[in-house]
Amino acid sequence: MEKEKGKKVKVLSTSSLQINENDASHLVGSIVEKGISHSLNSNLSFPKPTVLPFPVARHRSHGPHWRPLNSKGDDDNEGDDSDNNVEDEEDKNFQEFARVATFAKPVQRRRKKGLDFRKWKEITQDGNSSLAKESKEDVTSFSQTTGKKKNVKGSKSADKKTSSSSDGNVSSSMEVDVKLQLDSSDGGFTNSATAMEIDTSNEVDHREKVKYTRSYDDKEENESVPEWDQICSDLQRPGQAYLTSSTLSCSSSNNIRSEQKSVSVESEIDAENRARIRQMSSEEIAEAQAEIMEKMHPALLKVLQKRGQEKLKKHFSLKSEVGTVSESVNGHIQDPQDEKHLHTENGISHAVMTPPSKEKLDDEKFSRKTSTSTSSSSWNAWSNRVEAIRELRFSLAGDVVDSERVSVYDNVTERDYLRTEGDPGAAGYTIKEAVALTRSVIPGQRALALHLLSSVLDKALHYICKDRTGHVAKVENKFDKSVDWEAVWAFALGPEPELVLSLRMCLDDNHNSVVLACGKVVQCVLSCDANENYCDISDKIATCDMEICTAPIFRSRPDINFGFLQGGFWKYSAKPSNILPFSEDSMHNETEGKHTIQDDVVVAGQDFTVGLVRMGILPRLRYLLETDPTTALEECIISILIAIARHSPTCANAVLKCERLIKTIVNRFTADNFEIRSSMIKSVRLLKVLARLDRKTCLEFIKSGYFQAMTWNLYQNPSSMDHWLKLGKEKCKLVSALIVEQMRFWRVCIQYGYCVSYFSEMFPALCFWLNPPSFEKLVENNVLYESTSISRQAYLVLESLAGRLPNLFSKQCEPTGDSEVWSWSYVGPMVDLAIKWVATRSDPEVSKFFEALKERRHDFTFQDLSATHLLWVYAAVTHMLFRVLERVTWGDTISPLENKGHVPWLPEFVPKIGLELVKYWLMGFSASFGTKFGRDSEGESFMKELVYLRQKDDIEMSLASTCCLNGMVKIINTIDNLIQSAKIGTCSLPRKDLSLSEEGKVLEDGIVNRCLVELRYILDVFMLSVSSEWHRIQSTESFGRGGPVPGAGIGWGAPGGGFWSETVLLAQTDARFLLYLMEIFENASKDVPLTEETTFTTQQVNAGLGVCLTAGPRDKVVVEKTLDLLFRVSVLKHLDLCIQNFLLNRRGKTFSWQHDEEDYMHFSRMLSSYFRSRWLSEKVKSKAVDGSSSMDIKTPPKVGACLETIYEDSDTSSMTSPCYNSLMIEWAHQKLPLPVHFYLSPISTILPRKQTDSIKVDDVLQDPSNLLEVAKCGLFFVLGVEAMSNFQGTNIPSPIQHVSLTWKLHSLSVNFLVGMEILEQDRSRDTFEALQDLYGELLDKARVNQSKEVISDDKKHLEFLRFQSEIHESYSTFIEELVEQFSAISYGDVIFGRQVSLYLHRCVETSNRLTAWNALSNGRVLELLPPLEKCISGAEGYLEPTEDDEGILEAYTKSWVSDALDRAEIRGSVAYTLVVHHLSSFIFGDCPKDKLLLRNRLARSLLRDYAGKQKHEGMFLNLIHHKKPPTCVMGEQLNGVLSEKSWLESRLEILVEGCEGNSSLLTVVEKLKAVVEKS
């Protein structure tokens, strides 16, 4: 038996390393590794496990998995004749490989030592960061040092051979299994700074504790790594019962000399102390502690205790970081595991240890270098949330499972049906385990792991989009049901699991089930379904012509030249040049071989989609399409291609340039199989997305015949509705979806000016869907959605065709270039069809839908869906009619007030549309329509119903209602303008159309005038809506990483889907409609009373600011129109009135000067021009240095990526012009959405002191004279909106009130960085001072409110002016430069001094106050500060609460003794007042025990200064006689209680105590006492 135990059988195609059969139960069970030969040999041994949890499919990133046969004791064949007999010649050749294996250089994967998101920030912000280089260098050095270890022979091999024969331990060159049987009572495993103790016994209960607290010298890291492996190897000897510090030192003298050097003196002393404490009993320890506490001062004891707690925290943090698990030869290292994660099975404890690295020990320094705009505390909180996900285990359904069973099934390699009682997945899998399982050689296991990852990611995406995120909570080792799905998403897509590399490898699998499962995971990661749902709703909105790219982005860092204001240019997380790193001739390029998989993984960490494209996913997908995939796989592949095409212009170009890819898709669509598949629908959608790229691509699709081939269904005309209904529900659904996508493809071509002539050919089939159907039949067959979807899209196509109409009275009717125009001969019949849809509102079947909405409860019924479908059709019809009316113009405008002309005649359909609209949609409005909707009222208008539906909780219904309202209001306003324009001319309306009917009277009087009350109510509703919706958009930028993108970015601080949610889409749609309403009322509010006009203007300004904060990248025109509205002369006059009211309330008088009409015009021109150039400009490059194809795309109004000769006409964009050069707009290279404090930018912009190489569009801001003038105009505007927002009487909340007071005060300081020119003119000087006074009042109010909310002892919460935390981490440098300017050019200017003295306010955080004081003191300009009564805000804000910070009190004392306060005392500066007050209050007030040492030290310093400087006698007497102001609540202990004499004696006694027995200082106190008694 023993001979059989030791017998090893050689298996072909494997290494000679074998394992005993009886020990095979400890390994991987029945899992079979690739390469096992099914020979006739009956004595087959179980395979040896690889370094990964499961056997790994061979890949070039792994390199060979064999190892040197003579590097470990297990591989030495000396004394084993049985093994030698079975070796053949081929296996002997493997021994030759062992000699060169250490010199092989396989592709190294990144070495990970835990999830450090601060490193990820640097990776994602800079594709050429040094992190990747450092990582590769570390891996290389680590591999080289371990390679040296492999060649060690001699006694070590013998020892290892003995260990292997005794317990069957299998180890590799980078993996150490410590298998020690430890006693349960006193057994332990400790590796401290100087000793490693191991107690072993043969008890049944076994435990293991691993402690590692060694600190390594960075310079000796490479030397210590091999010896560390040697130590761990030696620990495997089971015969070694006890390892003391002496044996370790003996071993160190021979093998680990470098470790001796790394042991510090502190660690030796600590080890001796700990050893001494272990020998003491608990009573002896208590006595020793009491003795030490008696001998030490209480203050010193408290300091030492605090220091010890900090060291303890660092000890545990280091301990949790250094315990990493070495996983594979190629550097794939798992995460650090705490000792609680170590498991015990079959009486054998497993522990793996690796030394710490330089990266781990330098985390704090690294985080300081890679800090982002968000504070470090918020980023650390986010990192902790993501760190918690590493331990979560998920079931196959994606749910979090209980972690109690982890100790039993911790090793996923041991899960088979026997050990897990038929359910291997019951214990769940971590994300990293699932990713590792995708590399198993068993296809079923790979597919299982991919299904698990798909379930987890799909569930995470679902909860994120539903805004149902939570945090992981641990209660007795059980996870709460509320899972932090944002963190789950971030961890799965993070750099640690390397999911992208595993997915790319799985796509190359030869099993269809694995490839399909992999495609599902990729589809989920790219958020294909979420993106398509968003884009589908966006396509329903007629006003959204542009599609936004979905690439991950982030904001550029704030610039001092723009006052550190946030809202900089957006930048791609991964550079476009990194998407396609190889050129066509890369095979002959010298740089071949320099790009590795590690580079791909780093880029994938920045952008998941870019990583996939870089790894060559497109050729692989093309190959799968060419091999006739299954329907499910084909649909998945097309979905992935759509997501890649939506990513960015560069990725879209990559799809287009992938050889045979588009042709293959078109060929599969036009195959002889006429059965409609879902993949056909997505194929049309893919070509539509690619056609949006630019006009050139669209034209190529048309010329190559792709458009005709993909839209052949549009020519099919159903004979009747009954014939269409016979197809069945499912067939109708597929046909409807296909026709809708084909119409959208056609609409894209029409918007470019192509395929307009196809209308005559498609009209017969199109006419079937343009006519209103029989709603009763549709509802009966449950196909109302399918029918209305086609009708809606048909009218959107007509809307685009109407945009191609020439102006009716224009002489230029011929097409320009290769674009086509539509003919007016088609308009009449199309308008008649649209009017039929307007009349369907009176249809009894349609009325049932809306009546049910009024009477229904809160349940969701089919009528809700039906009403929403109809609303989308009505919205498309109204926008189509509006587009037709828009082209009935004289020139390029409709409004007669702007045109100063008239239309010569009106087409017949203009009054016809108005009459039908009034009859069916507007009849029922009345003057009583206002505050509330009476649901039981009769005859209410459709407009009233739409407003009610807008306020419901259903987002899609709200969107449809808003779009329908928008189209309706545009129609009635346009018809009114056309009729008024026609009345001015010679032609009038036909009398037959204006009969005596009620509708005719409304049309003649003006529809807008007749329903002005209703429109005003709608305006109020949408003002409130927008004022509450812009907060959602601002909150999505809570983290700088990832920005607002879906896919890889959706988990980064963007709950609810970020900008890609329906909520944000609704907010932006509301903002567009609100802007149009405000434009209507701007012209209609001429005859209203002054009081009502003032209120309306205030609401208009607040709503306009909200609209600006809501706008996205495709809303540039919306922001431009809003700025025109805000800077109109009438609005500026209203702001001037608000300023005068503020001055009257504060000072009792206004400015001594008044603004005239020219001033308002000047303000309007300057501010409008500035805000456009500052916030609406695009960042362009003079040359495409990155070589990406995205630079070849011109996207008006977006010009962030274009050729040199194209971006010159980038400003020419108009909402009325339907012909575009591109229908895709990028997030990158622009600044929308705006930050909430954007209105402060005019007074926060300075002249750049250093010229940069980057070329920006806003170069108009480089003129210093322009900037100075802009600052003067900005002072007026900022003062006006601040006064208006703080003294308004409207219910519309102002965004101004949500801006932090820190930003407001900082914006005033920015002006002085470049000089005092802004104060040279009297008007701007008075305005600046008034703005300081206003902010001072706000500061006093905020301080009072803050003091009521916090405990009196919690003084830190009163420091709410956190300049360094909120504005910039280097704000201390900003303060120093400001003080330098103050000392150089101010000459004691009061306004400048008021601004500088603000940083000495008690509400300013301590670090900034200390910086400001030191800068003023060192510059000897404390005397230039104004008196306390002239400072910003009240005196109490500077004096209370009493200063107790040691650094500031010492700085005050230093200034005192250095004579920096001498002239400040003479001039009565606020600096001298602060020093006297705070030093006197601290020294002579109630001092805490822990501050006694500081008080005595300060007192001695002042006494020594008094003894040597007679001139300071008056200052010292003022210090002693200083009393706290009577208004202070906390300063009444001494006032009125003690007499004046006893009060002074008590203060002198405090000085005596501070002398601490110093005879010379006591003499000074006696001298001082005599002086005090005389005075």
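No experiment lies behind these values; they were computed from the predicted model shown. (Residues numbered from 1 in each chain as written. Predicted model: local features only at pLDDT ≥ 70, side-chain atom pairs only at ≥ 80, totals over all residues. Heavy atoms only, no water.)

1. A look at the overall build of the protein
Right, so step 1: Scanning the protein from terminus to terminus reveals 65 helices and 10 strands.
Right, so step 2: Buried residues in the protein amount to 57% of all 1575 residues.
Right, so step 3: Accessible surface for the protein amounts to roughly 67000 Å². Of this, 50% is attributable to carbon and sulfur atoms. (Helix = DSSP H or I, 4+ residues; strand = E, 2+ residues; numbered from the N terminus. Buried < 20%, exposed > 50% of the residue type's maximum accessible area, 1.4 Å probe, protein only. Areas by Shrake-Rupley, 256 points an atom, 1.4 Å probe, with all protein chains shown as cover.)

2. Description of the packing of helix 55 (residues 1371-1385) against helix 56 (residues 1390-1397)
Right, so step 1: Contact geometry for helix 55 and helix 56: axes closest at 11 Å, N-to-C directions at 155°. For the element pair helix 55 / helix 56, the angle class is roughly antiparallel. As for how helix 55 packs across helix 56, the hand of that crossing is left-handed. Residues Leu 1378, Val 1379, Gln 1381, Phe 1382 and Ile 1385 of helix 55 lie in contact with helix 56, whose contacting residues are Phe 1392, Gly 1393 and Val 1396.
Right, so step 2: For the contact of helix 55 with helix 56, the class distribution of residues is six nonpolar, two polar and no charged. (Axes fitted to C-alpha atoms, helices over the stretch in contact; angles between N-to-C directions. Parallel < 35°, antiparallel > 145°, perpendicular 65-115°, else oblique. Left-handed = near helix turned anticlockwise from the far one by under 90°. Contact = heavy atoms within 4.5 Å. Nonpolar A, V, L, I, M, F, W, Y, C, P; charged D, E, K, R; others polar.)

3. Some thoughts on the environment of Arg 692
Right, so step 1: Residue placement: Arg 692 occurs in the loop between helix 28 (678-691) and helix 29 (695-703).
Right, so step 2: It is 9.1 Å that separates the C-alpha atoms of Arg 692 and Phe 745, two residues lying 53 residues apart in sequence.
Right, so step 3: The residues contacting Arg 692, other than those within four sequence positions of it, are Asp 539, Asp 545, Met 546, Glu 547, Val 748, Tyr 752, Ser 1222, Leu 1223 and Met 1224.

4. Some thoughts on the confidence of the model for the protein
Low-pLDDT portions of the prediction should not be read for the details of their coordinates.
Right, so step 1: In this model, the protein carries an average pLDDT of 74, and 65% of its residues clear a pLDDT of 70 or more.
Right, so step 2: Scored below 50 in pLDDT, residues 316-374 shows 162 contacts in the model against residues more than four places distant or in partner chains.
Right, so step 3: Confidence drops under pLDDT 50 across residues 583-591; counting only partners more than four residues distant or on other chains, this segment forms two contacts. (pLDDT = per-residue confidence, 0-100.)

5. Section: the nonpolar core
Right, so step 1: Core analysis: the biggest nonpolar cluster contains 250 residues, and Val 488, Leu 641, Trp 746, Tyr 795, Phe 850 and Tyr 874 have the highest contact counts within it.
Right, so step 2: Discounting residues that sit within four places of it in the chain, Tyr 795 has contacts with Leu 770, Leu 833, Ala 834, Trp 837, Ala 876, Val 877 and Met 880.
Right, so step 3: Formed by 142 residues, the second largest nonpolar core is a distinct cluster that contains Leu 1123, Cys 1403, Leu 1425 and Ile 1483. (Core = buried A, V, L, I, M, F, W, Y, C linked by side-chain atoms within 4.5 Å.)

6. Some points on helix 41 (residues 942-950)
Residues three or four positions apart in an α-helix share a direction because the helix packs 3.6 residues into each turn.
Right, so step 1: The buried count for helix 41 comes to nine of nine residues, which makes it a mostly enclosed element.
Right, so step 2: Within helix 41 the residues assigned to the buried category are Phe 942, Met 943, Lys 944, Glu 945, Leu 946, Val 947, Tyr 948, Leu 949 and Arg 950.

7. Examining helix 21 (residues 528-540)
Right, so step 1: The terminal C-alpha atoms of helix 21, which comprises 13 residues, lie 18 Å apart, in line with the 18 Å expected from a rise of 1.5 Å per residue.
Right, so step 2: When we look at burial in helix 21, the residues that qualify are Cys 528, Asn 531, Glu 532, Tyr 534, Cys 535, Ile 537, Ser 538, Asp 539 and Lys 540. (Expected span 1.5 Å × (residues − 1).)

8. Points about the packing of aromatic side chains
Right, so step 1: In the structure shown here, the tally under the stated rule is 40 aromatic pairs.
Right, so step 2: On the numbers, 6.1 Å between centres and 45° between planes, the contact of Tyr 1371 with Tyr 1399 is tilted. Of the two residues, Tyr 1371 sits in helix 55 while Tyr 1399 sits in the loop between helix 56 and helix 57 (1406-1418), which places them 28 residues apart along the sequence. Across the pair, exposure class does not vary: Tyr 1371 and Tyr 1399 are buried alike.
Right, so step 3: Ring pairs connect the aromatic residues Phe 1127, Tyr 1170, Phe 1171, Trp 1175, Phe 1238 and Phe 1277, which therefore count as one cluster.
Right, so step 4: Between the NZ or CZ atom of Lys 1231 and the centre of the ring of Phe 562, over which it lies, the distance is 5.6 Å. (Phe/Tyr/Trp six-rings, centres within 6.5 Å; stacked < 30°, edge-to-face > 60°. Lys NZ or Arg CZ within 6 Å of the ring centre and 35° of its normal.)

9. Observations concerning the pattern of salt bridges
Two side chains that carry opposite charge are able to pair once their charged atoms sit near each other.
Right, so step 1: Evaluation of the coordinates by the stated rule reveals 67 salt bridges.
Right, so step 2: Between Arg 1172 and Asp 1124 there is a salt bridge, with the nearest N and O atoms lying 2.9 Å from each other. Placement of the pair is Arg 1172 in helix 50 (residues 1157-1175) and Asp 1124 in helix 48 (residues 1116-1126), with a sequence separation of 48 residues.
Right, so step 3: A salt bridge links Asp 1333 to Arg 1146; the shortest N-O distance between them is 3.7 Å. Placement of Asp 1333 in helix 53 (residues 1322-1349) and of Arg 1146 in helix 49 (residues 1129-1146) is noted, with a sequence separation of 187 residues between them.
Right, so step 4: One network of salt bridges, with partners in common, ties together Glu 532, Asp 536, Asp 539, Lys 540, Glu 547, Arg 646, Arg 685, Lys 688, Arg 692, Glu 741, Arg 744 and Glu 956. (Salt bridge = Lys/Arg side-chain N within 4 Å of Asp/Glu carboxyl O.)

10. Describing the environment of Tyr 1438
Right, so step 1: You can see Tyr 1438 is positioned in helix 58 (residues 1436-1439).
Right, so step 2: Among the polar contacts made by the side chain of Tyr 1438, one reaches the main-chain carbonyl oxygen of Ile 1432 at a distance of 2.9 Å. (Polar contact = N/O pair within 3.5 Å; in protein donor to acceptor, adjacent residues only side chain to side chain.)

11. As for the side chain of Lys 1231
Right, so step 1: With respect to the element layout, Lys 1231 can be found in the loop between strand 10 (1224-1225) and helix 51 (1264-1286).
Right, so step 2: Overall, the relative accessible area of 3% leaves Lys 1231 in the buried class.

12. Structural notes on the packing of helix 49 against helix 50
Right, so step 1: Close contact between helix 49 and helix 50 brings their axes to 9 Å; oriented N to C, the two are set at 110°. Here helix 50 runs roughly perpendicular to helix 49, going by the angle between their axes. Every pair of crossing elements has a handedness; the one defined by helix 49 and helix 50 is right-handed. The residues of helix 50 that touch helix 49, namely those facing Val 1129, Leu 1132, Lys 1133 and Asp 1136, are Glu 1157, Tyr 1160, Met 1161, Phe 1163 and Ser 1164.
Right, so step 2: Classifying every residue of the contact of helix 49 with helix 50 by side-chain character gives five nonpolar, one polar and three charged.

13. Focus: a nonpolar patch on the surface
Right, so step 1: A surface patch of nonpolar side chains, amounting to about 230 Å² of accessible area, comprises Leu 300, Val 303 and Leu 304.
Right, so step 2: As for its placement among the helices and strands, Leu 300 is situated in helix 12 (residues 298-322).
Right, so step 3: Since its relative accessible area comes to 42%, Leu 300 is described here as partly exposed. (Patch = residues over 30% accessible without salt bridge, like charges linked within 9 Å, V, L, I, M, F, W, Y side chains within 5 Å.)

14. Remarks on unusual backbone geometry
Right, so step 1: Going from Leu 1232 to Pro 1233, the amide bond is cis rather than trans, its omega being 0°.
Right, so step 2: Its location among the elements puts Pro 1233 in the loop between strand 10 and helix 51.
Right, so step 3: For the bond running from Glu 1440 to Pro 1441, omega is -5°, close enough to zero to count as cis.
Right, so step 4: As for its position among the elements, Pro 1441 is in the loop between helix 58 and helix 59 (1446-1457).
Right, so step 5: Unlike most non-glycine residues, Asp 628 shows phi in positive territory, near 55°.

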